[in-house]
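Spelled out from the first residue to the last, the chains are:
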Amino acid sequence: MRKRVVFITGVAGEIGQALLKEVAQAEGYQVVTLDLQPLPRELQGLSHHIQGDILNQSLLRRLITEYDVDTIYHLAALLSTRAEFAPELAHRVNVDGTLALLQLAAEQSERRGVPVKFIFPSSIAVYGMPDQTVKQINPQVKEWEWNEPATMYGCNKLYCERLGVYFSHNYQQLAANPGTRLDFRCVRFPGLISAFTVPAGGTSDYGPEMLHAAAQRRPYACFVREEATIPFMAMPDAVTGLRALAQVPQEALSRRIYNITSFSLSAGEFRSQVLNAFPNAEITFEPDAKRQAIVDSWPAGLNDEAARKDWGWQPAYDIDRAFAEYLVPNIRERYR
Ligand code: AKB
């Protein structure tokens, strides 16, 4: 009999590492993971890990044939700053990789007669605020507002959201008997902050970079202005959000794409939080016009009412708790 599994792509990234620890503890499933990189030593043994490329179609097909995939967490992606330097590669990984996996998940759903759950992390990058006044007077954007991304990454995420919805409702709509379709679900994340990993290639990275630099007594020059404001979330809440969305019965969902958020703060306020914990930290502001423009195009906050109403989303960490109970103690310990 084929083994029932949870499949996580991009597992060696920040969300993947945090998610794997939680999913591996959940009973009843074997976990299969994929990444270009090997698993960090402390995570080895938690999954059957395949070091490989999301663009390797025959590898993906072999996996889907070998395992009865119940849930896919598709995390593999190039983030916003990196994607601006390599837009064609970003399109291949972020779009072609997602399309290939959606197709395989659709086939698998049809074969097993039960929908494969396809859980997809999207981002504040799908929004494009036209100017700073509009950004200020609309501090909590709804899912359908300003879907006009300014980056390749944002375009990729927005399009893949639409593809996921298409595969859930319309894929093979002209076939005589379309069979069971997959079950695509997506959360749009704010900037994420982990105590255990350092981000790479994103534009919200200035927050976590400030904190990790301070804990290592390294000076840090922040690449956005003090007033630049976007929403953030502590990594444990991000993992809780993904897993909660995967578990909720389909009838409870009024949409397939949900904003979730925790707290919004400016880069200057982020610095103040860091200074509370590390009073000698040397944090300066040296805005980079291009990365600043990306952050300016992102909203200052998200409206996550639908997630709260439909599946009880509620972040466990507000700003104070995130810094006092999760970030500062764990980061101190990490660099001790
Ligand atoms: C990035 O900065 O690219 C990501 C994101 C906001 O999706 N962290």
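Going by the structure above, here's the rest.
Student: Quick question: what am I supposed to make of the overall build of the chain here?
Tutor: On a plain count of helices and strands, the chain comes out with twelve helices and twelve strands. Taking 20 Å as the expected radius of gyration for a compact globule of 336 residues, we find that the chain reaches 20 Å, a close match to that expectation. Across the 336 residues that make up the chain, the buried fraction comes to 55%. Of the accessible surface of the chain, which amounts to about 15000 Å², a share of 49% is contributed by carbon and sulfur atoms. Charge-centre separation for the chain: the mean point of 34 positive side chains lies 5 Å from the mean point of 38 negative side chains.

Student: It is not clear to me how the site of the ligand should be interpreted in this structure. Could you clarify?
Tutor: Around the ligand, the neighbouring residues are Leu79, Ser80, Ser123, Ile124, Tyr153, Gly202, Thr203, Ser204 and Trp298. Ser123 is positioned such that a nitrogen or oxygen atom in its side chain is 2.7 Å from an oxygen atom of the ligand. Tyr153 is positioned with one of its side-chain polar atoms (N or O) 2.9 Å from an oxygen atom of the ligand. Protein coverage of the free-state accessible area of the ligand, which is 260 Å², stands at 91%.

Student: Help me understand helix H4 (residues 87–112) in this model?
Tutor: Structural remark: α-helix, 3.6 residues per turn; residues separated by three or four positions point the same way. With 26 residues, H4 ought to run about 38 Å at 1.5 Å a step, and its terminal C-alpha atoms sit 36 Å apart, in line with that. In the stretch just after H4, Gly113 is the one whose phi turns positive, near 70°.

Student: Looking at this structure, how should I read the pattern of salt bridges?
Tutor: Note that side chains of opposite charge can pair when their charged atoms are close. Taken as a whole and judged by the stated rule, the model has twelve salt bridges. Here Asp68 and Arg112 are joined by a salt bridge, their closest N and O atoms 2.8 Å apart. Residue Asp68 is found in strand S4 (residues 67–74), and its partner Arg112 is found in helix H4; the two are separated by 44 residues along the sequence. Overall, the relative accessible area of 17% leaves Asp68 in the buried class. The partner of Glu325 in a salt bridge is Arg321, and the shortest N-O contact between them spans 2.8 Å. With Glu325 and Arg321 both in helix H12 (residues 319–334) and four residues apart, the pair spans about one turn of that helix. Three or more residues are tied together by salt bridges with common partners; here these are Arg4, Asp68, Asp70 and Arg112.

Student: Would you mind going over the nonpolar core with me for this structure?
Tutor: Side chains that are nonpolar tend, in soluble globular proteins, to be buried together. Counting 112 residues, the largest nonpolar core has Tyr73, Tyr206, Val274 and Trp311 as the members making the most contacts within it. Ranked by the residues each element gives to this core, the list is headed by H4, at nine residues. Split by domain, this core shows at least three residues from each of two domains, domain 1 (3–191 + 234–259) and domain 2 (193–233 + 263–299 + 317–334). Filtering out sequence-adjacent residues up to four positions away, Tyr206 remains in contact with Tyr220, Cys222, Phe223, Val224, Ala228, Ile230, Phe232, Ala267 and Val295.

Student: Explain the sheet that holds strand S1 (residues 3–9) here, please?
Tutor: Sheet strands line up and pair through hydrogen bonds in the backbone, either parallel or antiparallel. Strand order in this open sheet of seven strands is S3-S2-S1-S4-S5-S6-S10, and the pairing throughout is parallel. Whereas interior strands pair on both sides, the edge strands pair on one side only; in this sheet they are strand S3 (48–51) and strand S10 (257–259). Put simply, the sheet's adjacent strands are angled 20° from each other on average, direction ignored. Here four bridges tie strand S2 (residues 30–35) to S3, and the two strands are oriented parallel to one another. Bridge pairing in S3 places Val32 opposite His48. Together, S1, S2, S3 and S4 form the strand contacts of helix H2 (residues 57–66), whose direction differs from that of S4 by roughly 125°. Its contacts with the sheet place helix H8 (residues 235–247) against S4, strand S5 (117–123), strand S6 (183–189) and S10, and it is angled at close to 155° to S6.

Student: How should the pairing of S1 be read in this particular structure?
Tutor: Here is the key point about a regular strand: its side chains alternate between the two faces of the sheet. Counting buried residues along S1, five of its seven residues qualify, which places the element largely inside the surrounding structure. By the bridge criterion, seven bridges tie S1 to S4 in an arrangement that is parallel. Across the sheet, the residue bridging to Arg4 is Asp68, located in S4. Alignment of S1 against S2, held across five bridges, turns out to be parallel. In the sheet register, Ile8 faces S2, and the bridge partner there is Thr33.

Conventions used here
Note on numbering: residues in each chain are counted from 1, in written sequence order. At least 70 in pLDDT is required for a residue's local features to be given in this predicted model, at least 80 for side-chain atom pairs to be given and counted, and no such filter applies to totals for whole chains, interfaces and linings, which use all residues. Side-chain numbers come from the whole structure's heavy atoms, not from hydrogens or water. Helix and strand labels come from DSSP, where a helix needs a run of H or I of at least four residues and a strand needs a run of E of at least two; each type is numbered from the N terminus. Just to be clear, the radius of gyration here is over C-alpha atoms, and the globule rule we use is 2.2 Å times residues to the power 0.38. Residue burial is assigned from relative accessible area. The probe radius is 1.4 Å, only protein chains are included, and a residue is buried under 20% of its type maximum, exposed over 50%, and partly exposed in between. Note on areas: these come from Shrake-Rupley sampling with a 1.4 Å probe, and a residue is covered only by the protein chains present in the view. Positive charges are assigned to Lys and Arg, negative charges to Asp and Glu, while His and the chain termini are left out of the count. Charged side chains are reduced to one point each, which is NZ for Lys, CZ for Arg, CG for Asp and CD for Glu. In this text, near means that some heavy atom of the residue lies within 4 Å of the molecule or strand in question. Here a polar contact is recorded for every N or O atom pair within 3.5 Å, except that within protein the pair must consist of a potential hydrogen donor and a potential acceptor, and residues adjacent in sequence are included only if both atoms are side-chain atoms. Take the number of residues in a helix, subtract one, and multiply by 1.5 Å to get its expected span. Here a salt bridge means any side-chain nitrogen of Lys or Arg lying within 4 Å of a carboxyl oxygen belonging to Asp or Glu. Residues belong to a common nonpolar core when they are buried Ala, Val, Leu, Ile, Met, Phe, Trp, Tyr or Cys residues joined through side-chain atoms within 4.5 Å. Residue ranges assigned to the domains are those given by an automatic or database domain assignment. We call two residues in contact when some of their heavy atoms are within 4.5 Å. We treat two strands as partners when DSSP finds at least two bridges between them. Helix axes are fitted only over the stretch in contact, all axes being lines through C-alpha atoms; the angle between N-to-C directions runs from 0 to 180 degrees.

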